[in-house]
Amino acid sequence: TTAELQATVNVTIQGSGMGDVSIVRSNAPGTPDFRIFQVQAGVSATLRGLTIYGGRVAGAGGGIWNGGTLALVNSVVFNNAALAPDGNGGGIATTAGTLTLTNSVVENNNALNNGGGIFQLNGSLELTGSTVSGNTASTGWGGGIYKFNGSLTATNTTISGNTAGTLGGGLNINRGATLRFVT
């Protein structure tokens, strides 16, 4: 794609299976930096069987920015970057929304600040049968996941091989957030 895709109404985007359909930022010369997908406040979006790849943004949410309710099912968020000045959530950034990952992978994303893979303020974050690995928060906290306030539930989920410049290579839970691991 050559520009950010925005969900302004409730939507489901269906691919054919995990990794079979990719939404990729063009690497053609002159293509500007942008995130791949944005979910507006008050909107519900479901992404099934997709790969979100190559987003770059000077801000939050290199691959996806979510202000509403987002479900990723059998999907991959890979090799995205959130750069200065507000470089949070290399793969996914969620502010006051709900994020659910089922049988999905968040891998090899980079945030300048916090949440290399996933950055979430408030709201709920649920991961089931998913993997968060190889992500980096270059100068901040939570290489894999940075969670501020709200709840995080991880069921049969792997969080491994992530790094952070400050604290919480795999996971950083901050200010009033609750964490629940289920196996």
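Anything mentioned here points back to the structure above.
Residues numbered from 1 in each chain as written. Predicted model: local features only at pLDDT ≥ 70, side-chain atom pairs only at ≥ 80, totals over all residues. Heavy atoms only, no water.

## A word on the nonpolar core
So the rule is basically this: Buried residues of nine kinds, namely Ala, Val, Leu, Ile, Met, Phe, Trp, Tyr and Cys, make up a nonpolar core once their side-chain atoms join them within 4.5 Å. Classification of residues uses two cut-offs on accessible area relative to the type maximum, computed with a 1.4 Å probe and protein chains only: under 20% is buried, over 50% is exposed, and between them is partly exposed. Segments assigned H or I by DSSP are reported as helices when at least four residues long, segments assigned E as strands when at least two residues long, and all are numbered from the N terminus. It only takes one pair of heavy atoms within 4.5 Å for two residues to be counted as in contact.
The biggest cluster of nonpolar side chains holds 25 residues, and the ones touching the most others in it are Ile-64, Leu-72 and Ile-118. Of all the elements in the fold, those that place two or more residues in this core are β4 (37–39), β5 (44–48), β6 (50–53), β9 (69–73), β13 (98–102) and β17 (124–128). Apart from the residues within four sequence positions on either side, Leu-72 is in contact with Leu-47, Ile-64, Val-77, Ile-92, Leu-99, Thr-100, Leu-101, Thr-102 and Ser-104.

## Quick look at a nonpolar patch on the surface
So the rule is basically this: Two distance rules govern patches: like charges are joined within 9 Å, and nonpolar side chains (Val, Leu, Ile, Met, Phe, Trp, Tyr) within 5 Å, applied only to residues with over 30% relative accessible area and no salt bridge. All accessible areas in this document rest on Shrake-Rupley with a 1.4 Å probe, and a residue is counted as covered only by the protein chains that are shown. Put simply, a salt bridge is a Lys or Arg side-chain nitrogen that is within 4 Å of an Asp or Glu carboxyl oxygen.
A surface patch of nonpolar side chains, amounting to about 260 Å² of accessible area, comprises Ile-173, Leu-179 and Phe-181. You can see Phe-181 is positioned in strand β25 (residues 178–182).

## Thoughts on the sheet that holds strand β11 (residues 81–83)
So the rule is basically this: Pairing between strands is defined by DSSP: at least two bridges between them are needed.
Taken in spatial order, the five strands of this open sheet run β7-β11-β15-β19-β23, and their pairing is parallel. Looking at strand neighbours, the two that pair on one side only are β7 (56–58) and β23 (163–164), the edges of this open sheet. Across three bridges, β7 lies against β11 in parallel orientation. Across the sheet, the residue bridging to Val-57 is Ala-82, located in β11.

## As for the side chain of Asn-174
Which entries qualify depends on this criterion: Any N or O atom pair separated by 3.5 Å or less is treated as a polar contact, with the protein-specific requirement of one donor-capable and one acceptor-capable atom, and with residues adjacent in sequence counted only for side-chain atom pairs.
When you line up the elements, Asn-174 lands in strand β24 (residues 171–174). Separated by 3.2 Å, the side chains of Asn-174 and Tyr-146 make a polar contact. Excluding residues within four positions of it along the chain, Asn-174 makes contact with Trp-141, Tyr-146, Lys-147, Phe-148 and Asn-149.

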